[in-house]
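An overview of the molecular structure
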Amino acid sequence: MADTVAAVRDAVAAAAPEIRAGLPGRREQAGSENPSGERRLAADEYADELLEERLGAIDGVGAYASEERESAVDVGSGYSVAVDPLDGSSNLKPNNVMGTIVGVYDASLPASGRDLVAAGYVLYGPITTMAFAHEGTVTEYLVEDGEATTLNEDVTLPEDPTVYGFGGRVPDWPADVAAYVDDVESELKLRYGGAMIGDVNQVLTYGGVFAYPKLESAPEGKLRLQFECNPVGYIIECAGGRSSDGTGSVLDVDPTGLHQRTPVYLGTPSLIDRLEATLD
Ligand code: AFP
């Protein structure tokens, strides 16, 4: 594995217990908003500053960007890392799962998903795990004391899908999205917890489909291309799944802005094929 990519993976694993340990005292609002207009928690700012410090110090990392900052920070020369420091931070108050997402782009940002050379996410669940994709394969690690120990190599989505989870309010789903959910809910169990990483890891583990779809009130959906949809789409595709914006791979979505949003659908190829056939 390229040294820089391995260094990014290890730095995120090393930061994970510190992020987790820093959560209890940082559940309150920070009194500021991120570039997407979402109110920040103190924990969002803490995780962002810690990851900038750690990832910015790596040789071969040239830029650090995050969901919490207006623009990318120049930290040297090399890859651009795009980070969602605390995915699902609104789950902190009710003490539910959250994650950290990182994408390693061999291009300046905003970049295409096709410029990704690696991507990973940490899941702060009952235990702390990391899924990391590089060179077409996904490895799952157990993260303890800042060390990543291999749990499963060559992780792939199981054949028979069993779960689904769609974001947004049901009345705000366009008719074609509602028709698709009507179709799959007779076959699959609902698993939606409000943190993309928790819900996507259900799909990676059991097969199925996760989506934050286009909405009547937000045709672009909610999730950010650079920090959430590209990295997680890359991981799902490396695990033999499919990603889609409704018409084709999320990795082919044209990058027009650092904080642009896109509808996103991720999971078992046959379910994504059916989705694209259903959506107008
Ligand atoms: P927060 O970081 O504000 O909790 O948002 C989490 C998220 O970006 C993503 O992780 C979820 O899939 C989605 O938003 C949840 O959105 P809803 O609250 O609309 O279900």
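If you're wondering where the values come from, they're calculated on a predicted model, not measured in any experiment.

Another point: helix H6 (residues 269-278). If you check which residues of H6 are buried, you get Leu 271, Ile 272, Leu 275 and Glu 276. The buried residues of H6 occupy an angular sector of 135° when projected down its axis, which confines them to one face. Considering only its buried residues, H6 is in contact with strand E11 (163-166), helix H3 (175-184), strand E13 (208-212), strand E14 (242-244) and strand E15 (264-267).

On to the sheet that holds strand E7 (residues 116-124), then. If you walk across this open sheet you meet the eight strands as E4-E3-E5-E6-E7-E8-E9-E10, and the pairing is mixed. Two strands bound the open sheet, and with one partner strand each, they are strand E4 (73-74) and strand E10 (147-152). Direction of pairing for strand E3 (residues 60-66) relative to E4: antiparallel, over a ladder of two bridges. Following the sheet pairing, Tyr 64 is matched in E4 by Val 73. Most of the contacts of helix H2 (residues 42-56) go to strand E5 (residues 78-87), to which it runs at about 155°, and overall it touches E3, E4, E5 and strand E6 (98-105).

Our next topic: the pattern of salt bridges. Side chains that differ in charge, positive against negative, can pair when their charged atoms come close. This model, assessed by the stated rule, comprises 17 salt bridges. Between Arg 114 and Asp 252 there is a salt bridge, with its nearest N and O atoms 2.7 Å apart. Remark: Asp 252 occurs in the loop between E14 and E15 and Arg 114 occurs in the loop between E6 and E7; sequence separation between them is 138 residues. Among the charged side chains, a salt-bridge network with shared partners connects Glu 38, Glu 67, Arg 224 and Glu 228.

A sheet is described by the order of its strands in space; here five strands give the open sequence E12-E11-E13-E15-E14, paired in mixed fashion. Of all the strands in the sheet, the pair left with one neighbour each is strand E12 (189-190) and E14. Along the sheet, helix H5 (residues 225-238) makes contact with E14 and E15, crossing E15 at roughly 25°. The strands touched by H6 within the sheet are E11, E13, E14 and E15, with E14 carrying the most contacts at an inclination of about 25°.

What follows deals with helix H1 (residues 3-21). The end-to-end C-alpha distance of H1 is 28 Å, a good match for the 27 Å that 19 residues give at a rise of 1.5 Å each. At Ala 15, H1 is bent by approximately 30°, the largest bend along its length, and proline Pro 17 sits one to four residues beyond. Buried within H1 are the following residues: Thr 4, Val 5, Ala 6, Val 8, Arg 9, Ala 11, Val 12, Ala 13, Ala 15, Ala 16 and Ile 19.

Right, let's get into the packing of H3 against H6. In a packed pair of helices, the relevant descriptors are the angle between the two axes and the axis-to-axis distance. Between H3 and H6, the shortest axis-to-axis distance is 9 Å and the interhelical angle comes to 145°. The element H3 and its partner H6 pack so that their crossing is right-handed. Only Leu 271, Arg 274, Leu 275 and Thr 278 of H6 make contact with H3, whose side of the interface consists of Asp 176, Ala 179, Tyr 180, Asp 183 and Val 184. For the contact of H3 with H6, the class distribution of residues is five nonpolar, one polar and three charged.

This part covers the packing of aromatic side chains. One pass over the structure, following the stated rule, counts four aromatic pairs. Seen in terms of ring centroids, Phe 166 and Tyr 180 are 5.9 Å apart; in terms of plane orientation they differ by 35°. Their pairing is tilted. Highlighted residues: Phe 166 in strand E11 and Tyr 180 in helix H3, separated in sequence by 14 residues. Neither Phe 166 nor Tyr 180 differs from the other in exposure class; each is buried. A centroid spacing of 6.5 Å and a plane angle of 5° characterise the contact between Tyr 192 and Phe 210, whose relative ring orientation is stacked. Of this pair, Tyr 192 sits in the loop between E12 and helix H4 (196-206) while Phe 210 sits in strand E13, and the two are 18 residues apart along the sequence. A relative accessible area of 2% means that Phe 210 is categorised as buried. Members of the aromatic cluster, joined through ring pairs, are Phe 166, Trp 173, Tyr 180 and Tyr 265.

Analysis parameters
- Residues numbered from 1 in each chain as written.
- Predicted model: local features only at pLDDT ≥ 70, side-chain atom pairs only at ≥ 80, totals over all residues.
- Heavy atoms only, no water.
- Buried < 20%, exposed > 50% of the residue type's maximum accessible area, 1.4 Å probe, protein only.
- Helix = DSSP H or I, 4+ residues; strand = E, 2+ residues; numbered from the N terminus.
- Arc of directions from axis to C-beta.
- Contact = heavy atoms within 4.5 Å.
- Pairing = 2+ DSSP bridges.
- Axes fitted to C-alpha atoms, helices over the stretch in contact; angles between N-to-C directions.
- Salt bridge = Lys/Arg side-chain N within 4 Å of Asp/Glu carboxyl O.
- Expected span 1.5 Å × (residues − 1).
- Bend = angle between axes of the 7 residues up to and from the residue.
- Left-handed = near helix turned anticlockwise from the far one by under 90°.
- Nonpolar A, V, L, I, M, F, W, Y, C, P; charged D, E, K, R; others polar.
- Phe/Tyr/Trp six-rings, centres within 6.5 Å; stacked < 30°, edge-to-face > 60°.

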